[in-house]
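A look at the structure
Listed below are the residues making up each chain.
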Amino acid sequence: MGYYDDHYLSRQKQKKNKWLMPFIIGVVLGAFLFAVLLPSLVTNNLLPYQVIIGSDPTESSYSSEIEGNTPSPTSVTNVAVDISTRISEIVAEVSPAVVGVTNIQNQLDFWQQEESGEEGTGSGVIYKIEGDRAFIVTNYHVIQEADQIEVVLSDEEKVEATVVGSDLYTDLAVIEMDASYVTKAIELGNSANVHVGEPAIAIGNPLGMHLSGSVTQGIISGKQRAIPQDFNMDGRADWQAEVIQTDAAINPGNSGGALLNMEGQLIGINSMKIAQSAVEGIGFAIPIDDAIPIIEELEKDGEVNRAYLGVEAYSLNDIAQVEWERSLNLPESVEGGIYIRSVEPMSPADKGGLEAYDVITNLDGEAIENIVDLRKHLYSEKTIGDNLTITYYRDGEQRETTVALSSLSY
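Residues numbered from 1 in each chain as written. Predicted model: local features only at pLDDT ≥ 70, side-chain atom pairs only at ≥ 80, totals over all residues. Heavy atoms only, no water.

Brief notes about the overall build of the protein chain
Rule in force here: Secondary structure elements are defined from DSSP: runs of H or I of at least 4 residues count as helices, runs of E of at least 2 residues count as strands, and each element is numbered from the N terminus. Per-residue and other accessible areas follow the Shrake-Rupley method at a 1.4 Å probe size, with only the shown protein chains counted as cover for residues.
Helix and strand counts for the protein chain come out as seven helices and 22 strands. If you sum the accessible surface of the protein chain, you get close to 23400 Å²; carbon and sulfur atoms cover 50% of it.

A look at unusual backbone geometry
Positive phi, normally seen in glycine, also occurs at E156, with a value near 75°. Position of E156 relative to the elements: it lies in the loop between β6 (148–152) and β7 (158–167). Phi angles above zero are rare outside glycine, and Y357 is one such case at about 75°. Residue position: Y357 is located in the loop between α6 (348–351) and β18 (359–363).

A short note on the confidence of the model for the protein chain
This is how the line gets drawn: Known as pLDDT, the predictor's per-residue confidence is scaled from 0 to 100. Two residues form a contact once any of their heavy atoms are found within 4.5 Å.
Chain-level pLDDT for the protein chain is 80 on average; 72% of the residues reach the 70-or-more range. The least confident element of the protein chain is strand β1 (residues 60–62), whose mean pLDDT is 38; the most confident is strand β5 (residues 133–138), at 97. Considering only residues more than four positions removed or in separate chains, one finds that residues 49–74, a stretch of pLDDT under 50, has 25 contacts.

Here's the deal with the environment of A307
Stated formally: The buried label applies to any residue whose accessible area, calculated with a 1.4 Å probe on protein chains only, is under 20% of its type's maximum; exposed applies above 50%, and partly exposed to all values in between.
Summarising the element assignment, A307 is placed in strand β15 (residues 307–308). By relative accessible area, A307 is classed as buried at 2%. The spatial distance from the C-alpha of A307 to the C-alpha of Y379 is 6.2 Å, given a sequence separation of 72 residues.

A few points about helix α4 (residues 288–301)
The condition is simple: For a helix, the expected span equals 1.5 Å multiplied by the number of residues minus one. In this description, the arc belongs to the directions extending from the helix axis to the C-beta atoms.
Helix length check: α4, at 14 residues, gives a terminal C-alpha distance of 20 Å against a target of 20 Å (1.5 Å per residue), a fit within 8%. Three or more residues of α4 are buried, namely I288, A291, I294, I295 and L298. One side of α4 carries all its buried residues, which in axial view fall inside an arc of 120°.

Overview of the nonpolar core
Worth spelling out the cut-off: Remark: nonpolar core denotes a set of buried residues (Ala, Val, Leu, Ile, Met, Phe, Trp, Tyr, Cys) joined through side-chain atoms within 4.5 Å.
Within the largest apolar cluster, 43 residues are counted, with the highest numbers of intra-cluster contacts made by V151, I175, M177, I186, L260 and L266. Once residues within four sequence positions are removed from consideration, I175 is found in contact with V101, A134, F135, I136, I143, I149, V151, A161, T162, V163 and V164. With 28 residues, the next largest nonpolar core counts I227, A241, L363 and V403 among its residues.

Quick notes on the environment of K184
Inclusion rule: Within 3.5 Å is the distance limit for a polar contact, defined as a pair of N or O atoms, with the added protein rule that one can donate a hydrogen and the other accept it, and that residues adjacent in sequence qualify only through two side-chain atoms.
Within the secondary structure, K184 is located in the loop between β8 (172–178) and β9 (199–204). With relative accessibility at 27%, the residue K184 sits in the partly exposed group. Residues K184 and E93, spaced 91 residues apart in sequence, show a C-alpha to C-alpha distance of 9.3 Å. Once residues lying within four places of it in the same chain are set aside, the contact partners of K184 are E93, P96, A97, I126 and I129. A polar atom in the side chain of K184 sits 3.2 Å from the backbone oxygen of E93.

Some words on the pairing of strand β17 (residues 338–343)
Applicable threshold: A pair of strands is treated as paired once DSSP finds two or more bridges between them.
Across five bridges, strand β16 (residues 311–315) lies against β17 in antiparallel orientation. Bridge assignment links A313 to a residue of β17, and that residue is I340. Relative to β18, β17 is paired through two bridges, and the arrangement is antiparallel. Looking at the pairing, Y339 lines up with V359 of β18.

Quick notes on the pattern of salt bridges
Definition in use: Here a salt bridge means any side-chain nitrogen of Lys or Arg lying within 4 Å of a carboxyl oxygen belonging to Asp or Glu.
If you walk through the whole model with that rule in mind, you get 12 salt bridges. A salt bridge links K184 to E93; the nearest nitrogen and oxygen atoms lie 3.9 Å apart. You can see K184 sitting in the loop between β8 and β9 and its partner E93 sitting in helix α2 (residues 83–94), a full 91 residues away along the chain. The residue K128 makes a salt bridge to E130 at a minimum N-O spacing of 3.7 Å. Through salt bridges with shared partners, a single network forms among K128, E130 and E299.

Let's talk about the side chain of Q229
Within the element layout of this structure, Q229 appears in strand β10 (residues 214–229). Among residues more than four places away in sequence, those in contact with Q229 are Y169, A237, D238, W239, A241 and M272.

Focus on the side chain of N103
Take N103: it is sitting in strand β3 (residues 98–108). Among the polar contacts made by the side chain of N103, one reaches the main-chain carbonyl oxygen of V142 at a distance of 3.1 Å. One polar contact links the side chain of N103 to the main-chain carbonyl oxygen of Q144, over a distance of 2.9 Å.

Quick look at the environment of V137
With respect to the secondary-structure elements, V137 resides in strand β5. Considering only alpha carbons, one finds V137 and G165, 28 residues apart in sequence, at a separation of 9.9 Å. Residues within four places of V137 in sequence aside, it is in contact with G124, V125, Y127, L172, A173, G256, I269 and I295.

So, the packing of aromatic side chains
Keep this limit in mind: Stacked, tilted and edge-to-face pairs are distinguished by plane angle, under 30 degrees for stacked and over 60 for edge-to-face with tilted covering the rest, among Phe, Tyr and Trp rings (Trp via its six-membered ring) whose centres lie within 6.5 Å. Put simply, a charge is over a ring when the Lys NZ or the Arg CZ is close to the ring centre, within 6 Å, and near the line of the ring normal, within 35 degrees.
Within the structure shown, the criterion is met by three aromatic pairs. Between Y127 and F135, the aromatic rings sit 6.5 Å apart at their centres with planes inclined by 45°, giving tilted as the arrangement. Overall, the relative accessible area of 9% leaves F135 in the buried class. Aromatic side chains Y169 and Y379 sit 5.2 Å apart centroid to centroid with 65° between the ring planes, which places their arrangement in the edge-to-face category. Placement of the pair is Y169 in the loop between β7 and β8 and Y379 in helix α7 (residues 371–381), with a sequence separation of 210 residues. Comparing Y169 with Y379 shows no difference in burial state: the two are buried. Geometry around F135 places K128 over its ring, the cationic atom sitting 4.9 Å from the centre. When the ring centre of Y379 is taken as reference, the NZ or CZ atom of R306 above it lies at 5.4 Å.

Set out below in structure tokens:
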């Protein structure tokens, strides 16, 4: 029994030694092939499929062979679009033409002595260099009631400027300064060709000069947005501005700054932002196509001379509808319009026979629903000297008159 066991164990050891050595040799050989030969096979495309690990990510390819299918080589290319590079190029080119604008107003100190103080800051865009003067467009509310204007250049140098002209309704103003401090003017674009969804860049000075030259990027969110504006803060809209909407961040201090397309061209003058806690990413800019004629008139006359009718009028919607019939004697067919509170003597309205409590419903055949419609028609579609056909109601009777518009006096 002992001999049998010894003989059996001896044979088991011999069998173990027979497969152990080949196994060790196989492992070593396999490691050698993986480490040395596989990269060479891959490099020379000698394998039925190719795997690249740690290779150049800009160019890689693979092919696979599946039983029953013909191998189909497929090219894989990593797409690297560096938008930030293009924006950086635009900003570097345009920034010298975007400036800060400081509104300085005279104030009395405790001893009743006059001293100058900074009332507010905004932005501006150098759009033209003519002779020894450089012209800057900004917002009306940036320079409003200023006793002195100071321009802060991109290199932080401060230069005194003067107001050429300003316009409340379009929120535009033109100022000028010594051109020797200016290196370039911005290139004007075309806002009519702007498309919703295309990229846009805003440059300005949000929250003050310590953040001067700030750049934000977004898209064009909308065109021809009508935004009501209340100038006298009485809770009623005095005007509706047609603006470009963008989600590029526009904050206080950005007013008057540049809205650019991806060609670095000026397509809008940043003007307003809806400041509500529930609203984010809604900014507005005055389209450059609308701004250019206003700018040219401000350069020439210092103000915008608009057609003048000479009435104090209010929207019918401002009074209870029951009064439409009881006090104004309007028929049920009238759904909107404006009623005249008073008529200025010797004005076009006076000469045309209009009276207090007349109700205007149409101008040149276009329906007028409120006072904003009246101003839009007068200021946007008519010029001084034009004839205006007015359809109105007096004591329930529809009438019509034609007046010659004169210039508007502020």
